[in-house]
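Listed here are the chains, written in short residue letters.
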Amino acid sequence: MKILVTGGAGFIGSHLVNRLLQIGHKVLTLDDLSNGKLEYLDRALTHNNHTFVHDTAADRDTVRKLVENCDAVFHLAAVLGVKNTVENPLKLMEVNIDGTRNVLEAAHKVRAKVVLASTSEIYGKNEKLPFKEDSDRVLGAPSIHRWCYSTAKAIDEHFAFAYAEKGLPVTVVRYFNAYGPGQTSSQYGGVVPRFIRAALNNEPIEVYGDGTQSRCFTYIQDTVSGTVAALGPRANGLAFNIGSDHPITIRDLAATIRQLTGSSSPIVYVPYDAAYGPGYEDMRARIPDLTRSKSVLGYKPTISLEEGLRRSIEWY
Ligand code: NAD
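Residues numbered from 1 in each chain as written. Predicted model: local features only at pLDDT ≥ 70, side-chain atom pairs only at ≥ 80, totals over all residues. Heavy atoms only, no water.

K.L.:
Honestly, the nonpolar core in this entry has me stumped. Any pointers?
P.N.:
Among soluble globular proteins, nonpolar side chains are generally buried collectively. Among the nonpolar cores identified, the biggest contains 51 residues, and Phe74, Val192, Phe195 and Leu253 are the most heavily contacted of them. Apart from the residues within four sequence positions on either side, Phe74 is in contact with Ile3, Leu4, Val5, Thr6, Leu16, Leu20, Val115, Thr227, Val228 and Leu231. Among the nonpolar cores identified, the runner-up in size contains 24 residues, and Val73, Ala107, Leu116 and Ala239 belong to it. (Core = buried A, V, L, I, M, F, W, Y, C linked by side-chain atoms within 4.5 Å. Buried < 20%, exposed > 50% of the residue type's maximum accessible area, 1.4 Å probe, protein only. Contact = heavy atoms within 4.5 Å.)

Below, the structure written as structure tokens:
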């Protein structure tokens, strides 16, 4: 197949591009390099079946021209990270919503398959009653600095399913905390690379909040396997959780990385207010139900957290 990967010079995208080339596809990578880097593409850069296009997914004509010649699109281009969510909500929503619309519209014209990258964040927080207008718990305007990323992704999903009703073969993959080699701490503050870097330098490992919040960290190769499986026709019109279903608290993650690196770093706790500004609240836990992904995609995470962390530490 001829496949377009938007955001293909980013962390997940670059691993995906390399996997698609390995299994024999022709790949076009579109990235504006706002966060990605050409060097992440590594072997793909010299591969005969790969072409890199330095441009933006927010431009309708660019996307239309690229999609016209493709059988499928993996749409990963997005502005992300808590820092961007807090500091650039407008830019984030423009890129994340317009880019997705451009891809879906162009794919619909030529009936190309779309796999859309979404996030566990769209599940939001557990609601507390009664509802307060100024609450951080709504996917709405008063909480723009917390929820604009997840809101934009939720809108993207609604667009995708509206196009599915018009006959577009489209699948949504909701990622749960991907990590692994190639994820740098400078990108947008992913917690795993941030902790590894601190541990390797024997600097304090800063845990935001009290560290009892938990996440399901997913090794990049498992993330990519689930993403590629979403190309199949049985996945059309559906959303899939792509992640590990083994939660770990951030406190325990810090301790594990400290131990695996043999580091003498102290683990220190930083209040959310100090890390992200006043009023920030985190999601306590995110755990995927993998029933659908396992049965329809044959998805199964294979790399344990300890093994994945070892490989990541080696890479740094
Ligand atoms: P990343 O920042 O490494 O990759 C995103 C890429 O998109 C970058 O290379 C960036 O340069 C590019 N990009 C940004 N704006 C663009 C634009 N206007 N036009 C073209 N390219 C643009 O992040 P990632 O972790 O690889 O995330 C990939 C996708 O997966 C994103 O859609 C993200 O929302 C989603 N996601 C990731 C995670 C995770 O754990 N990493 C979790 C949930 C969802």
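Let us keep going from here.
K.L.:
Help me out: how do you make sense of the environment of Asp32 in this one?
P.N.:
By the secondary structure assignment, Asp32 is in the loop between strand 2 (26–31) and helix 2 (38–41). The exposure class of Asp32 is partly exposed, given its relative accessible area of 34%. Sequence separation between Asp32 and Thr62 is 30 residues, and the spatial gap between their C-alpha atoms is 12 Å. Setting aside anything within four residues of it in sequence, one finds Asp32 in contact with His54, Asp55 and Thr56. One polar contact links Asp32 to Ser34, side chain to side chain, over a distance of 2.7 Å. (Helix = DSSP H or I, 4+ residues; strand = E, 2+ residues; numbered from the N terminus. Polar contact = N/O pair within 3.5 Å; in protein donor to acceptor, adjacent residues only side chain to side chain.)

K.L.:
What exactly am I supposed to notice about the sheet that holds strand 11 (residues 239–242) here?
P.N.:
Sheet strands associate in pairs through backbone hydrogen bonding, adopting either a parallel or an antiparallel arrangement. Read from one edge to the other, the open sheet built from seven strands follows the order 3-2-1-4-5-6-11, with strand pairing classed as parallel. Edge positions in the sheet fall to strand 3 (50–54) and strand 11, since each has one partner strand and no second. With direction set aside, neighbouring strand axes in the sheet form an average angle of 20°. Sheet topology note: the strand 2/strand 3 ladder contains five bridges and is parallel. Bridge pairing in strand 3 links Leu28 to Thr51. (Pairing = 2+ DSSP bridges. Axes fitted to C-alpha atoms, helices over the stretch in contact; angles between N-to-C directions.)

K.L.:
What is the right way to look at helix 13 (residues 305–315) in this model?
P.N.:
Structurally, the α-helix is built with 3.6 residues per turn, so residues lying three or four positions apart point the same way. Within helix 13, the full set of buried residues consists of Gly308, Leu309, Ser312 and Ile313. Projection of helix 13 onto a plane perpendicular to its axis shows the buried side chains occupying an angular sector of 135°, all on one side. Those residues of helix 13 that are buried are in contact with strand 7 (178–179), helix 8 (191–200), strand 10 (218–219) and helix 10 (250–261). (Arc of directions from axis to C-beta.)

K.L.:
Just checking my understanding: could you explain the pattern of salt bridges for this structure?
P.N.:
Two side chains with opposite charge may pair up if their charged atoms get near one another. Scanning the entire structure with this criterion turns up eight salt bridges. With a shortest N-O distance of 2.6 Å, Glu306 and Arg310 are connected by a salt bridge. Here Glu306 pairs with Arg310, and both are found in helix 13, just four residues apart, close to one helical turn. Residues participating in the shared-partner salt-bridge network are Asp61, Arg64 and Glu68. (Salt bridge = Lys/Arg side-chain N within 4 Å of Asp/Glu carboxyl O.)

K.L.:
Help me understand the site of the ligand, please; the structure alone is not making it clear to me.
P.N.:
Taken together, 29 residues surround the ligand, and among them Phe11, Asp31, Asn35, Tyr149 and Ala178 come closest. Contacts to the ligand include Phe11, whose backbone N or O atom sits 2.8 Å from an oxygen atom. Contact distances for the ligand include 2.9 Å between an oxygen atom and a backbone N or O atom of Gly36. In isolation the ligand has 810 Å² of accessible area, and contact with the protein removes 97% of it. Within the residue set of the shell around the ligand, elements represented by two or more residues are helix 1 (11–22), strand 5 (113–119), helix 6 (144–165) and helix 7 (185–188). Residues of the shell around the ligand, tallied by class, amount to 15 nonpolar, 10 polar and four charged. (Near = heavy atom within 4 Å. Areas by Shrake-Rupley, 256 points an atom, 1.4 Å probe, with all protein chains shown as cover. Nonpolar A, V, L, I, M, F, W, Y, C, P; charged D, E, K, R; others polar.)

Purely geometric stuff here, so don't read any function into it on its own.
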